[in-house]
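Tertiary structure, described
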Amino acid sequence: MSEVKLAAEIRSEFGKGAARRVRRENKVPGVLYGHGSDPVHITLPGHELLLALRTSNVLISLDLEGRTELAIPKAVQRDAIKGFLEHVDLLIVKRGEKVNVEIPVHTEGELAPGAYLVEHVLNALPVEAEATHIPESVTVSIAGLEAGDSILAKDVPLPSGTTLAVEDDTVVLQVLAAQAEEPAAEGAEGEAEEVAEV
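Residues numbered from 1 in each chain as written. Predicted model: local features only at pLDDT ≥ 70, side-chain atom pairs only at ≥ 80, totals over all residues. Heavy atoms only, no water.

Reading across from one edge, E8-E13-E11 is the order of the three strands in this open sheet, with antiparallel pairing throughout. Looking at the sheet topology across the chains shown, the edges are occupied by strand E8 (116–120) and strand E11 (150–152). For this sheet, the mean inter-axis angle between neighbouring strands, taken without regard to orientation, is 15°. (Pairing = 2+ DSSP bridges. Helix = DSSP H or I, 4+ residues; strand = E, 2+ residues; numbered from the N terminus. Axes fitted to C-alpha atoms, helices over the stretch in contact; angles between N-to-C directions.)

Note that an α-helix has 3.6 residues per turn; residues three or four places apart therefore point the same way. Taken as a whole, helix H1 (residues 16–24) has its buried residues at Ala18, Ala19 and Val22. Buried residues along H1 cover an arc of 100° about the axis, so they all sit on one side. Of the residues in H1, the exposed ones pointing more than 90 degrees away from the buried face are Lys16 and Arg24. Buried-residue contacts for H1 involve strand E2 (27–34) and strand E3 (37–45). One or two steps after H1, the chain reaches asparagine 26, where phi turns positive at roughly 60°. (Buried < 20%, exposed > 50% of the residue type's maximum accessible area, 1.4 Å probe, protein only. Arc of directions from axis to C-beta. Contact = heavy atoms within 4.5 Å.)

This part is about unusual backbone geometry. The phi torsion at glutamate 65 lies on the positive side, around 50°, for a residue other than glycine. You can see glutamate 65 is positioned in the loop between strand E4 (59–64) and strand E5 (67–78). For glutamate 65, a relative accessible area of 55% puts it in the exposed group.

Let us now look at the pairing of E2. For a regular strand, the rule is simple: side chains alternate between the two faces of the sheet. Within E2, six of the eight residues are buried, which leaves the element mostly enclosed by the surrounding structure. As defined by bridge partners, E2 adjoins E3 across seven bridges and the pair is classed as antiparallel. Each residue of the ladder has a partner; that of valine 31, found in E3, is histidine 41. Between E2 and E3, which pair antiparallel one after the other, the connecting turn spans two residues, and histidine 35 there sits at a positive phi close to 55°.

This part takes up the sheet that holds strand E12 (residues 163–164). Taken in spatial order, the four strands of this open sheet run E10-E7-E9-E12, and their pairing is mixed. Looking at which strands have only one partner, the edges of the open sheet turn out to be strand E10 (138–141) and E12. Here four bridges tie strand E7 (residues 98–108) to E10, and the two strands are oriented parallel to one another. By the bridge assignment for E10, glutamate 108 is matched with serine 141.

Moving on to the side chain of threonine 132. Here threonine 132 shows up in the loop between strand E9 (124–130) and E10. A polar contact of 3.2 Å, which involves the side chain of threonine 132, links it to the side chain of histidine 133. (Polar contact = N/O pair within 3.5 Å; in protein donor to acceptor, adjacent residues only side chain to side chain.)

With that settled, the discussion passes to the confidence of the model for the protein. Across the protein, pLDDT averages 81, with 88% of residues at or above 70. Low confidence marks residues 190–198, where pLDDT is under 50. Its contacts with residues over four positions away, or in another chain, come to zero contacts. (pLDDT = per-residue confidence, 0-100.)

As structure tokens, then:
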């Protein structure tokens, strides 16, 4: 797992106006909390944070005015239309500490011959892992599966040190038979002919 270093500044102004001023400077307002400490309002560099968040569950090493804090993103708010970062919540973590996170589930292999679809019941699998060794994703094989088959949480291969944070029999993905499309109704053509006759 990658560790990204970012310089953070403690923020003393709050509210929408202050947040807009921060964003105009290409920075992102955020909150750092956890381990029983009071929440700290911070400002982060916008472009560097955006690049860091491309990796799910990225470990961020914050240089916070002379002290270093390790954190992982817990909530990220983006503008619904333009997609820029509006706010980020970061959770303080310690080396060796276990944290609950969700990791993306990827598939490999080909389904059995036929018209089948894979439905991801869970796009991300809840797991518990060491804060400094969170897997970026997990991969499951769907080779040869057909309609009615499913992959349960206990069937997903996890890296050592990572354990499930859901029941073993939770369905992660299932294979469905593709639905054939209904042929176009003939009534629509008949209506057009009737109009032409009038």
